[in-house]
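The residues making up each chain are set out below.
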Amino acid sequence: MKRPKLRKASKRLSCHKRFKIQRKVREHKRKVRKEAKKHGPRKSRRDPGVPNSAPFKEAILREAEQRKQQLEELKLKQKEARQKESAKKRKLEATKKDPVRLEKKRAKAASQPEKKSPKIEDKNRRKCLCRELNKVIDTSDVLLLVLDARDPLGCRCPEVEQAFLCSEGKKLVFVLNKIDLVPKVNVEKWLQYLMNEFPTVAFKSSTQLPDSTKQEKRLNKHSSHTAISQVRTCTGDETLLKLLTGYCHEAEKSIRVGVVGFPNVGKSSLINSMKKIRACPAGQTRGLTKSMQEVHINKQVKMLDSPSIIASPSNSALALSLREVMDVETLQHSTTLADPILKHCEKQQIMLQYNVSDFRNSLEFLTLLARKRGLLKKGGDPDTAAAARQILCDWTGSKVSYYTCPPVMHQLPAHINSQTVEEARQGFSAEELAKDNKTTLQDVRCPTKASSLVFQSAGLTLGITEENDIEEMDDDDVIEEKTEDEVCGDEDAEQDQTTNTNVEPVKRPGAGDPRKKRLQKPAKSSVTVQSLDLACESHEDDTYDFNTDYVASATISLDSA
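Below is a summary of the structure that appears in this document. Treat the numbers as computed from the prediction; the structure is a model and nothing was measured.

## Regarding the environment of Pro 263
Following the sequence through the fold, Pro 263 ends up in the loop between strand S4 (255-260) and helix H9 (267-275). C-alpha separation for the pair Pro 263 and Thr 285, spaced 22 residues apart in sequence, amounts to 8.6 Å.

## A closer look at the packing of aromatic side chains
One pass over the full model with this rule turns up seven aromatic pairs. Each residue in the set Tyr 354, Phe 359 and Phe 365 is aromatic and connected to the rest through ring pairs, giving one cluster. Directly above the ring of Phe 19 sits Arg 18, whose terminal nitrogen or CZ lies 5.3 Å from the centroid. For Lys 347, the ring lying beneath its charged end belongs to Phe 359, and the centroid distance is 5.4 Å.

## Notes on the sheet that holds strand S5 (residues 293-296)
Sheets are built from strands that pair by backbone hydrogen bonding, the pairs being arranged parallel or antiparallel. Reading across from one edge, S3-S2-S1-S4-S6-S5 is the order of the six strands in this open sheet, with mixed pairing throughout. The strands lining the two open edges of the sheet, one partner per strand, are strand S3 (200-202) and S5. Each neighbouring strand pair of the sheet contributes to a mean axis angle of 25°, computed without reference to strand direction. Inspection of the sheet shows S5 paired to strand S6 (residues 301-305) by four bridges, in the antiparallel sense. Among the inter-strand pairings, Val 295 is bridged to a residue of S6, identified as Met 303. Running at roughly 170° to strand S2 (residues 171-177), helix H6 (residues 184-194) makes contact with strand S1 (142-148), S2 and S3 of the sheet.

## Things to note about the pattern of salt bridges
Counting across every chain of the model gives 15 salt bridges. One salt bridge connects Asp 339 with Lys 343, and the closest N-O pair in it is separated by 3.3 Å. Within this pair, Asp 339 and its partner Lys 343 are both found in helix H11 (residues 334-343), separated by four residues, close to a single helical turn. With a relative accessible area of 8%, Asp 339 lands in the buried category. Note that Lys 347 and Asp 358 form a salt bridge whose closest N and O atoms lie 2.9 Å from each other. In this pair, Lys 347 is assigned in helix H12 (residues 347-354) and Asp 358 in the loop between H12 and helix H13 (362-373), connecting sequence segments eleven residues apart.

## Things to note about a positive patch on the surface
A cluster of basic side chains, namely Lys 17, Lys 20, Arg 23, Lys 24, Arg 26, Lys 29, Arg 30, Arg 33 and Lys 37, defines a positive patch on the protein surface. Note on placement: Arg 23 falls in helix H1 (residues 15-38). Classification of Arg 23 by relative accessible area gives partly exposed; the value is 38%.

Each value, and the rule that gives it
- Residues numbered from 1 in each chain as written.
- Predicted model: local features only at pLDDT ≥ 70, side-chain atom pairs only at ≥ 80, totals over all residues.
- Heavy atoms only, no water.
- Helix = DSSP H or I, 4+ residues; strand = E, 2+ residues; numbered from the N terminus.
- Phe/Tyr/Trp six-rings, centres within 6.5 Å; stacked < 30°, edge-to-face > 60°.
- Lys NZ or Arg CZ within 6 Å of the ring centre and 35° of its normal.
- Pairing = 2+ DSSP bridges.
- Axes fitted to C-alpha atoms, helices over the stretch in contact; angles between N-to-C directions.
- Contact = heavy atoms within 4.5 Å.
- Salt bridge = Lys/Arg side-chain N within 4 Å of Asp/Glu carboxyl O.
- Buried < 20%, exposed > 50% of the residue type's maximum accessible area, 1.4 Å probe, protein only.
- Patch = residues over 30% accessible without salt bridge, like charges linked within 9 Å, V, L, I, M, F, W, Y side chains within 5 Å.
- Areas by Shrake-Rupley, 256 points an atom, 1.4 Å probe, with all protein chains shown as cover.
- Lys, Arg positive; Asp, Glu negative; His and termini not counted.
- Charge placed at Lys NZ, Arg CZ, Asp CG, Glu CD.

Just geometry here; none of it tells us what the structure is for.
Have a look at this one:
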């Protein structure tokens, strides 16, 4: 029997059904357009960038790049933490399944000696840093003492200067780094003040250099503007190289130049800027350089990178906050460290710098700052310790622009005499150095006095150059010893002193080993603190003292009562 032919269903529709479908589609599209209008115009995913007419374009691009790098570092840290946790879980599961392996592990742990306490580890670490610093001082023909232009007097260490000047035929040079964070008038005053003792070079390190161990990446349009920007260029390197070359001709041989200083003054960045490549590790972490490293600048000059100078525990609380070698991220008492910094600044300027409201004490300021920056603990409580760590990073890094005024009258410190100054002036022309520093300042864009904070310096910072002087104490122990009452007492004692530095006189060692005779470590820092009223007379015109009217009104009310 023949099967009937199967016919496909027709796709034809009636007009009523077809028109109904078209009407429904139109209504749906109209509804979608109406909802889109409520939510506003659709945002383009493409980044428009920063227009050329925008003010502070370079600073905005620099901040965006830093933020991007911080996010990448945070992602890497989170990834490493996840990998470590997963590895620990795998090991635990393996040991649980295998009891024999668990017993072996327990026996191995019992046989191993006990771990050293953190105090002993910190003492050993400080001894290693001190040993490496002494190597640099002994092997150097010229020593570059790097000073932060924001507080040059606080970056000077009399122990290191005396230890180096004990040997004959060696030259000491001051390098005033980070001049782009200080007003030009203040930099000129400090150059004139420091040139009375030793040759001083104005310098600004480069913040972005290609890494010597990695291939240079291709720059896109966004990063090319930030790489060529004036903010990232180095200035003062030609002046410093010219001065060092003059010492080479005088000695008729190649010289070794040691670079020393306190943490975060820019020692490694200076060497990288002279080499035009990232040869030494540099960053905002304190104590990043742990050993001596030799870098060849040219055939005549070899630079030696050194660890940071260890500040003596007998210094003031302010000096320990800014100059102590410590890991800021692991500190438990960071709020105590931020307190002396806030007390040595004007309250109104701090409020404008961090854009916070009026506060009564440092704890209230840290609470306001933590809430503003989103630094919160579990339950929404402000994390004051994280806010204090952020302040420490801002002041030791290059984020906050502040300046200190030099003393009105120059007086030689006790560890330097007139004969040492005369010997230091040989081998270079002071007039040519002053001209070169002037041209360096012209190439640098410096902030104004109105946009900078006036800071009250703590004077010379005492350091440790002998391993025997290192005491068994952690950074936290040093902080605990300085209570709020002691800090207030130190400030009152410092304000009563004069503006000149008063260090105990020390006899200059003659024959024999110069390492055996050092400065005696005092019980407290005898360095004076500069007064804002005497030293910063020029700043009175820029800012207004809000305490004047308050004091006057208080006295009137008392008289009337």
